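In case you want the letters, here they are:
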Amino acid sequence: MSLRPRKPSQPAMHKQEEEYPVLKIHKRRWRLALTAIYCTRALASVSRKVLQNKTRLLRSLSYVAIDVQPPSGNYNKKLSFHNIDQENLSHMVREKNLESLEQFGGVEHLALILETDVKSGIGGDDSDVTTRKSVFGGNSYPKPAAKGFFSFVFDAFKDTTILILLACAVLSLGFGIKQHGWEDGWFDGGSIIIAIFLVVVVSAVSNFKQSRQFEKLSNKSSDIRVEVVRDGRRHAVSIFDIVVGDVVCLKIGDQIPADGLFLEGHSVKVDESSMTGESDHVEIGSGNPFLLSGTKVTDGFGSMLVTSVGMNTSWGEMMSSISRDSDEETPLQARLNKLTSYIGKVGLLVAALVLSVLMIRYFTGNTTDEKGEREYNGSKTKLDDVMNAVVDIVAAAVTIVVVAIPEGLPLAVTLTLAYSMKRMMKDNAMVRKLSACETMGSATIICTDKTGTLTLNEMKVTEFWLGKETMREDSSSEMAPTVLHLLQEAVGLNTSGSVYKPSTLSVPEISGSPTEKAILSWAVFSLGMDIDEVKQQCMTIQVEAFNSEKKRSGVLIRKNGEEATQSHWKGAAEMILAMCSSYYDRDGNIRELDDEERATIEKIIQNMAAKSLRCVAFAHKKLENKEVHKKLEETGLTLLGLVGLKDPCRPGVRAAVDSCTAAGVTIKMITGDNVHTARAIAVECGILNPDEDVDSEAVVEGIEFRNYSPEERSKKAEKIRVMARSSPFDKLLMIQCLKQKGHVVAVTGDGTNDAPALKEADIGLSMGIQGTEVAKESSDIVILDDNFTSVVTVLRWGRCVYNNIQKFIQFQLTVNVAALVINFVASVSSGKVPLTAVQLLWVNLIMDTLGALALATDQPTNELMEKPPVGRTEPLITKVMWRNIIAHALYQVAVLLVLQFKGRSIFGVTETVKNTIIFNTFVFCQLFNEFNARKLEKKNIFEGLHKNKLFMAIITITIVLQLVMVEFLKKFANTERLNWGQWGACIGIAALSWPIGWLVKCIPVSMDQVPA
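### Overview of a negative patch on the surface
Right, on to step 1. Residues E592, D594, D595 and E596 make up a contiguous surface patch of negative charge.
Right, on to step 2. Along the chain, the position of E592 falls in strand β18 (residues 590-592).

Here it is as structure tokens:
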């Protein structure tokens, strides 16, 4: 293209018109040059990437077409990550290698490689997630193989008494076959072996099932919910569903779910002690963007890009080699093991005496066989007969030990704990530590949070004050534009929540904590705030995240195109007010905050608090100087406004508090709200009486409690029922004081800073919804619905566990005493034991497994909440239990001894039938006594029986099996068939246990409580 020169004859006025095409051509040339430079650089970058990845180039084509798509393009296209080396990604984060990150082109370029938009996350559809899982793996790790069924069988066989009994059975089997042949000789030894295997298998099945139950609970406790951004929306997903490329939102208390890189955020600090052992908190930013799986966020908030999951992380490798110990011994189990050991020693002594007496009687010729002839005649007796007799005597003695040792006690604890844990899960309580189940039954004080526990945690802004004037809900048009804009900034920039609006017509999706959601909702719908627009107009310089110590959060910002910086603060109303020296009125005028004005606003805050409102204030300060401020100004602020958030009490909380009070458990409310709000809620919930005001000893502020002397603190701790404006340290102090006074303390907590208090308490209860992962890990029980009623349910179950164990102890000790006495007396007097090894093993099975299953699965009753707490040092076997045990054992011993010595003449039967009647009566005595054991003190033993179907099923099964043992397994059980009259006599004698139990409970017992 050529330029035509201007003719001299043309007027000068056309000069601008002629210069216009020249300017246009120059612009076009510059644009072409810039495009060429850009394309050259793009091609150079692509070629470097190809060479680095050692990809083969296709030389057959004379050109290369590059299709560049924006990151937020169509996610439905097929993803391909085959050129990404997962090992390099994993190594880079583990080793915190910035050079490797630079080779990937930085965090944002790596996000492009992983097909991730740093703002919108991954596409999130099923095909996208599936592809990422198939290429990079899932966020899970293989656990060590669980203990198999045969391991439990093997463990059961390790029992010394079982092994001795098995050896005796094998010897008896050998001698029997040698003496009587295969057809008749195997019954004695074979019966004992079968009985042993039956006991072992039933025990192994029970333990195996409980192991699987604990494993399920372990898996449930490790299934953490994580907030990710997918397709522009925030989603709460399981930690196991995290994939490489996900953008994960992080806040204080969160556990890092996978290895990754920091994208954006403020003041993020991480506790890496779980990985490195170093207790110092590591600051995360552009200089150190590496985040390791399993570590905890201790400060700030932000987002991360996931680069490695599952076994590609150090945490995954480490956890895959660790198995959770489900064999944890609880304090109650430890006490029961001591009791078992003591009873076992008594049984061993009785067995040794029986063995000695039987041996002496046999070798002195004082025993006779079934024909009435002497069994031992010196050298005339065959060696086989002697050995057989000795083996039978040893087997009888060892069987007495088997019956005497109450192996069922630890089993009963395991069963009742497993059953209660399963039922508590349905009642929204997940047990992380077994001992908490039983310890909760002894709790004397529960220290609870307010928000979300006593209240619904459904916040809503119901009042808004601008200066000294209250504003209507739709009052944005009534206030000055300056104030409106500052309030929008105060809410939109100083928040950890988010607002997502896919289109102009759709309803905004608001996420965050309940308080953040309520304030954001108010700003969006009442103030007309567009959070994206507010954020685009400003640059954030510094953020101070909310923490429970200062009870406020702040942000330092600079508006686009301005040099001045501005501070925005949000937090507890009276604390923000203390930082202010002026306030805005509705017209946008700044007025000085003198003493009179301050008192007026303080009165407004108190009135709002008295209505159970949570008061939050906003304040602002503009700094005109050009210096870059790294610290937020905390003085001389201007108050923007006050909002009151209503959080109604949960339904049923008052009844739950009354239930605890009736049970002798004191409720203390420890909250971060101001003293007037705390008192109003405490009165509403029934923790305080309406006549107790903020000046009474029952209500105190955290700072006041903190400043008491140790003696004064210890003296007043029991009287305090509400602590307002408390910090986690105040909660810890309160727990320590109460424990020193001898109380068993349960405490609820949800924040990271609550971890020391949760660990210090006897029972730490964390919140499943609002609780941070740090709090949950420090707790013993997780309350899944954050509801105080669930805390009371845990208390009921704790008492139920203890009560069920006591029932079983009473039942088992009665059987032990009766079995030991009858065998000892019979062996000393006649040289024969009326109950054979097989029969005693059958009784042992009824007691240990079926009895434990029947009595350990009773559900909580209201009467449990009418008694005072059980002291920590109170003996397991109470005076009431001793009364019941002695009475029933004496009756059973008396009846069985009468049958032993006079049974043949009373019924006119043979020795074998008499022994069968003794055996049958003994078993039915235990069945009827099982009903007595259901109620330790109440006379009506049938109350609530229809609710425990398992109990009735076990009783029915036992009766059927006993019928089979007596009538059909004569050789196996050494029994004879009984007629209807004999059956009636056995059942009638046993049934007398019920009226005897009723009469015994009329005997008064002093119920002195042992102090905790």
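### Some remarks on the pattern of salt bridges
One side chain can pair with another of opposite charge once the charged atoms of both are near each other.
Right, on to step 1. Per the stated rule, a full pass over the model turns up 38 salt bridges.
Right, on to step 2. Salt-bridge contacts for K96 lead to E272; the nearest nitrogen and oxygen are separated by 2.9 Å. Residue K96 is located in the loop between α2 (86-94) and α3 (98-103), and its partner E272 is located in the loop between β4 (259-271) and α9 (273-276); the two are separated by 176 residues in the primary sequence.
Right, on to step 3. Residues joined by salt bridges that share partners form a network here, namely E469, R472, E478 and R586.

### Some points on the packing of helix α30 (residues 911-932) against helix α34 (residues 993-1000)
Between two packed helices, the angle of one axis relative to the other and the distance separating the axes together describe the packing.
Right, on to step 1. Look at α30 against α34: their axes get within 9 Å of each other, and the N-to-C directions meet at 35 degrees. In this structure, α30 meets α34 at a crossing whose hand is right-handed. Contact residues: α30 offers C925, F928, F931 and N932, while α34 offers S993, W994 and G997.
Right, on to step 2. By residue class, the composition of the contact of α30 with α34 is four nonpolar, three polar and no charged.

### Things to note about helix α21 (residues 675-685)
Right, on to step 1. The element α21 is largely enclosed, with a buried count of eight among its 11 residues.
Right, on to step 2. Every buried residue of α21 is accounted for by V675, T677, A678, A680, I681, A682, V683 and C685.
Right, on to step 3. Check the buried side of α21 and you find it contacts α19 (595-610), β19 (613-623), α20 (653-662), β21 (666-670), β22 (699-701) and β23 (722-724).

### Comments concerning the nonpolar core
Right, on to step 1. In terms of nonpolar packing, the biggest core is built from 86 residues, with I192, I196, F919 and F922 touching the most fellow members.
Right, on to step 2. Excluding residues that lie within four positions of it along the chain, F922 makes contacts with V815, A818, A819, L835, V843, Q892 and L896.

### Description of the environment of V491
Right, on to step 1. Within the secondary structure, V491 is located in helix α15 (residues 481-493).
Right, on to step 2. For the pair V491 and A523, spaced 32 residues apart in sequence, the C-alpha to C-alpha distance is 6.9 Å.
Right, on to step 3. Apart from residues lying up to four places away in sequence, V491 is in contact with I519, L520, W522, A523, M529 and F618.

### Description of unusual backbone geometry
Right, on to step 1. Positive phi, normally seen in glycine, also occurs at E115, with a value near 60 degrees.
Right, on to step 2. One non-glycine residue, S612, lies in positive phi territory at about 65 degrees.
Right, on to step 3. Mapped onto the elements, S612 comes out in the loop between α19 and β19.
Right, on to step 4. Owing to a relative accessible area of 7%, S612 belongs among the buried residues under this scheme.

### Here's the deal with the sheet that holds strand β9 (residues 445-448)
Right, on to step 1. Sheet architecture is open: eight strands sit in the order β8-β26-β25-β24-β9-β21-β23-β22, paired in mixed fashion. Of all the strands in the sheet, just β8 (429-431) and β22 have a single pairing partner and so form its edges. If you compare each strand with its neighbour and ignore which way they point, the axes differ by 20 degrees on average.
Right, on to step 2. The pairing of β9 with β21 spans four bridges and is classified as parallel. Paired with I446 across the bridge in β21 is I667.
Right, on to step 3. Where α21 meets the sheet, it contacts β21, β22 and β23, and its direction lies at approximately 150 degrees from that of β23.
Right, on to step 4. Its contacts with the sheet put helix α24 (residues 728-740) on β9, β21, β23 and β24 (745-749), and the angle it makes with β24 is roughly 170 degrees.

### Describing α34
Right, on to step 1. By the burial criterion, the buried members of α34 are S993, G997 and V1000. All buried residues of α34 project into a common sector of 65 degrees when viewed along the axis, lining one side.

### A short note on the packing of α30 against helix α31 (residues 949-967)
Right, on to step 1. Close contact between α30 and α31 brings their axes to 11 Å; oriented N to C, the two are set at 180 degrees. Between α30 and α31, the crossing angle belongs to the class labelled roughly antiparallel. Residues T916, F919, N920, V923, F924, L927, E930 and F931 of α30 lie in contact with α31, whose contacting residues are F951, M952, I955, T958, I959, Q962, M965 and V966.

Conventions we followed
Residues numbered from 1 in each chain as written. Predicted model: local features only at pLDDT ≥ 70, side-chain atom pairs only at ≥ 80, totals over all residues. Heavy atoms only, no water. Patch = residues over 30% accessible without salt bridge, like charges linked within 9 Å, V, L, I, M, F, W, Y side chains within 5 Å. Areas by Shrake-Rupley, 256 points an atom, 1.4 Å probe, with all protein chains shown as cover. Salt bridge = Lys/Arg side-chain N within 4 Å of Asp/Glu carboxyl O. Lys, Arg positive; Asp, Glu negative; His and termini not counted. Charge placed at Lys NZ, Arg CZ, Asp CG, Glu CD. Helix = DSSP H or I, 4+ residues; strand = E, 2+ residues; numbered from the N terminus. Axes fitted to C-alpha atoms, helices over the stretch in contact; angles between N-to-C directions. Left-handed = near helix turned anticlockwise from the far one by under 90°. Contact = heavy atoms within 4.5 Å. Nonpolar A, V, L, I, M, F, W, Y, C, P; charged D, E, K, R; others polar. Buried < 20%, exposed > 50% of the residue type's maximum accessible area, 1.4 Å probe, protein only. Core = buried A, V, L, I, M, F, W, Y, C linked by side-chain atoms within 4.5 Å. Pairing = 2+ DSSP bridges. Arc of directions from axis to C-beta. Parallel < 35°, antiparallel > 145°, perpendicular 65-115°, else oblique.

Purely geometric numbers; function is a separate question.
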